[in-house]
Amino acid sequence: MDAQAWEKVDELIDKNQTKTIKDLFAEDKDRAAKFSLEAAGWFLDYSKNRIDEATMKALIKLAEKANLKEEIEKMFTGKKINATEGRAVLHTALRNLDKNDKVKVDGKDVLKDVRKVLDQMGDFSDAVRRGQWKGFAGKRIKNVVNIGIGGSDLGPVMANIALTPYTKRNMKFFFVSNVDSTHLAETLRAVKANETLFIIASKTFTTQETMSNALAAKEWFLAEAKKAGLKKADAEAAVAKHFVAVSTAAKEVAAFGIDTKNMFVFWDWVGGRYSLPSAIGLSLMLAIGRNNYKKLLKGYYKMDRHFRTARFSRNMPVILALLGILYVNGYGAESYCVLPYDQYLSRFPAYLQQMDMESNGKCVDKDGNPVTYSTGPIEWGEPGTNGQHSFYQLIHQGTHLIPCDFIGCSKTHNPIGDLHDKLMANLFAQTEALAFGKTAEECAAEGVDKKLIPFKTFEGNKPTNTLLCDQLTPETLGALVALYEHKVFVQGVIWNVYSYDQWGVQLGKVLAKGVLSDLTAKKPSGKHDASTNQLIARYRKAVGR
Ligand code: G6Q
């Protein structure tokens, strides 16, 4: 992070220390309009932040000093910005709807391939949704089970829930990710083999959790097919009708027994946590259909265009990123909260956790030196009013500063009485309460018992952003995801960290292999530390080894 540019932001924080959000509103009657903007179907009101025009200018300078404009172009044009893995970062190519554009990686235009796979996905999902794709007993597919983990799971899960109103209601969608056998077992209890399609979603096709679940699902399927009267060879041939793959690894897919005609490819320039608009979205396309899926891509594309072309002072992802940096680096905020006031966005915070924390949870800069400032914060959240009856206490009156993003939709898909008015009233009221609080004088004027005043006082001055759309649709969902993707990108550029690798997840994976062999070996190696050896011994004893 550019030290000089940051100093200017810091100076302004010091200078404005005594001013609260309430003071800032009192000073400027145009504040709400001034610190609001629209893009790709979303309205952002960021006026309830500890900012004034000078702070925003200083923050924008920080982005300029980090060569943000050039970095954005590098990403969109396929430069290998994921240097530790030697890869381009081109999730934007997956939704590039500009027919005249060309995006080249190693001299090859990737957009052609992207569109070919989209067509393949579309034809396949049409066949399944129309009942033309039949299982081994001649029945249509009623259940889809996506087996994948991390980036091959969180996006499809989040989007399947988010777009429930657009899904084919006579089909059921399941997502198995955990290597905990309960996850698979409970799913298999709910489906019949002859009307179930398994999507094995794994970029590498080597991930322990996914491959273990996929093999177990195949064994279950073969056993069920035999129970239904199929001979061994016929049961094996039936795998092709019930298993398809989403992967970059054709050899491994074929070795698993999946017909590579039913393999939907993506490429190493698509990071797992950015892969929802790639073939990883196949389960989603099966749920909402190819046309709605295209609308999702359109929403992404609109936000991409906005991000690439809007000046920083009117650029939604840039503004969200800069505000995040202000609180992490200027106020020591360790986390931020995402609070969707829409039940359909219930898994959105979990999805963002991976996107943000796996991307910017880094402690060395691009030169490999330890950073001297904080980087990616902890992201957390829950759907709206549920959170109010749980952890909002701490946000209002605790000792930690927790900036929040409130997300709402003006129209509900499910109007029932005045429920939606109540939901939205809660959203708006929370941002009001957090910003403006309640003083001791106000409590006294209300006749609050003197002894209780300290407990009933709200300090206020808690920063929030409010994001509003007209309705949650495939298009607004796409735009929302792209908004946060680009926010994370901008922060990574300013913090000067590599946002597209994830070396931090490797060590545990590798050690698990050694531990597994000690759990199952005749005699454990005893090579671990005393605590781990003790845990291994206790487990072995409990399971009778
Ligand atoms: C995401 C990560 C990670 C990945 C999973 C699954 O950015 O790379 O979450 O998506 O480890 O990997 P596979 O798709 O290769 O099974």
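What comes next concerns the included structure. Computed from a predicted structure; not experimentally measured.

### Observations concerning the overall build of the chain
Part 1 of the argument: Check the secondary structure of the chain and you find 22 helices and 13 strands.
Part 2 of the argument: The C-alpha atoms of the chain give a radius of gyration of 25 Å, which matches the 24 Å a tight globule of 545 residues would have.
Part 3 of the argument: Its C-alpha atoms give the chain principal-axis dimensions of roughly 80 × 65 × 55 Å.
Part 4 of the argument: Looking at the chain as a whole, 53% of its 545 residues qualify as buried.
Part 5 of the argument: In the chain, the share of contacts with a sequence separation of at least 24, taken over all contacts with a separation of at least 6, comes to 73%.
Part 6 of the argument: Summed over its atoms, the accessible surface of the chain is roughly 24,900 Å², and 52% of this surface lies on carbon and sulfur atoms.
Part 7 of the argument: Distance between charge centroids for the chain: 8 Å, based on 75 positive and 62 negative side chains.

### Examining the layout of surface pockets
Part 1 of the argument: Estimated volume of the largest pocket: approximately 1,000 Å³.
Part 2 of the argument: Every residue lining the largest pocket is counted, 37 residues in all, and those nearest its centre are Thr207, Gln502, Val505, Gln506 and Lys509.
Part 3 of the argument: Put simply, the parts of the chain that give the lining of the largest pocket at least two residues each are helix H9 (208-227), helix H14 (348-360) and helix H21 (506-520).
Part 4 of the argument: Partitioned by chemical class, the residues of the lining of the largest pocket number 12 nonpolar, 16 polar and nine charged.
Part 5 of the argument: A volume near 420 Å³ is recorded for the second largest pocket.
Part 6 of the argument: Those elements that provide at least two residues to the lining of the second largest pocket are strand S10 (335-341), helix H15 (384-388) and helix H17 (419-436).
Part 7 of the argument: By residue number, the principal contributor to the lining of the second largest pocket is H17, which donates five residues.
Part 8 of the argument: Within the lining of the second largest pocket, the residues separate by chemical class into eight nonpolar, nine polar and three charged.

### Observations regarding the site of the ligand
Part 1 of the argument: For the ligand, the set of nearby residues contains 13 residues, the closest of which are Ser152, Ser202, Thr204, Thr207 and Gln354.
Part 2 of the argument: In the environment of the ligand, an oxygen atom lies 2.7 Å from a nitrogen or oxygen atom belonging to the side chain of serine 152.
Part 3 of the argument: For the ligand, the protein covers 86% of the area, taking 400 Å² as the surface of the free molecule.
Part 4 of the argument: Counting atoms within 2 Å of the grid points, the majority share of the ligand lands in the largest pocket.
Part 5 of the argument: Within the shell around the ligand, the residues separate by chemical class into one nonpolar, nine polar and three charged.

### Things to note about empty space enclosed by the protein
Part 1 of the argument: Evaluation of the coordinates by the stated rule reveals three cavities of 30 Å³ or more.
Part 2 of the argument: Quantified by volume, the largest cavity comes out at close to 130 Å³.
Part 3 of the argument: Mapped onto the lining of the largest cavity, the elements with two or more residues apiece are helix H13 (316-330), S10 and helix H20 (474-495).
Part 4 of the argument: Considering every element that reaches the lining of the largest cavity, the biggest residue donor is H13, with five residues.
Part 5 of the argument: Within the lining of the largest cavity, the residues separate by chemical class into seven nonpolar, five polar and two charged.
Part 6 of the argument: Quantified by volume, the second largest cavity comes out at close to 50 Å³.
Part 7 of the argument: A total of four residues in the lining of the second largest cavity trace back to one element, the largest contributor, which is helix H6 (residues 110-129).
Part 8 of the argument: Here the residues of the lining of the second largest cavity sort into 10 nonpolar, one polar and no charged.

### Regarding the environment of alanine 445
Part 1 of the argument: Summarising the element assignment, alanine 445 is placed in helix H18 (residues 440-445).
Part 2 of the argument: Placed 147 residues apart in sequence, alanine 445 and lysine 298 show a C-alpha to C-alpha distance of 53 Å.

Calculation rules
- Residues numbered from 1 in each chain as written.
- Predicted model: local features only at pLDDT ≥ 70, side-chain atom pairs only at ≥ 80, totals over all residues.
- Heavy atoms only, no water.
- Helix = DSSP H or I, 4+ residues; strand = E, 2+ residues; numbered from the N terminus.
- Rg over C-alpha atoms; globule rule 2.2 N^0.38 Å.
- Buried < 20%, exposed > 50% of the residue type's maximum accessible area, 1.4 Å probe, protein only.
- Contact = heavy atoms within 4.5 Å.
- Areas by Shrake-Rupley, 256 points an atom, 1.4 Å probe, with all protein chains shown as cover.
- Lys, Arg positive; Asp, Glu negative; His and termini not counted.
- Charge placed at Lys NZ, Arg CZ, Asp CG, Glu CD.
- 1 Å grid on protein atoms, 1.4 Å probe; cavity = no way out; pocket = protein on both sides within 12 Å on 5 of 7 lines; lining within 4 Å.
- Points joined across faces, edges and corners; volume = space filled by probe spheres on them.
- Nonpolar A, V, L, I, M, F, W, Y, C, P; charged D, E, K, R; others polar.
- Near = heavy atom within 4 Å.
- Polar contact = N/O pair within 3.5 Å; in protein donor to acceptor, adjacent residues only side chain to side chain.
- Sits in = over half its atoms within 2 Å of the grid points.

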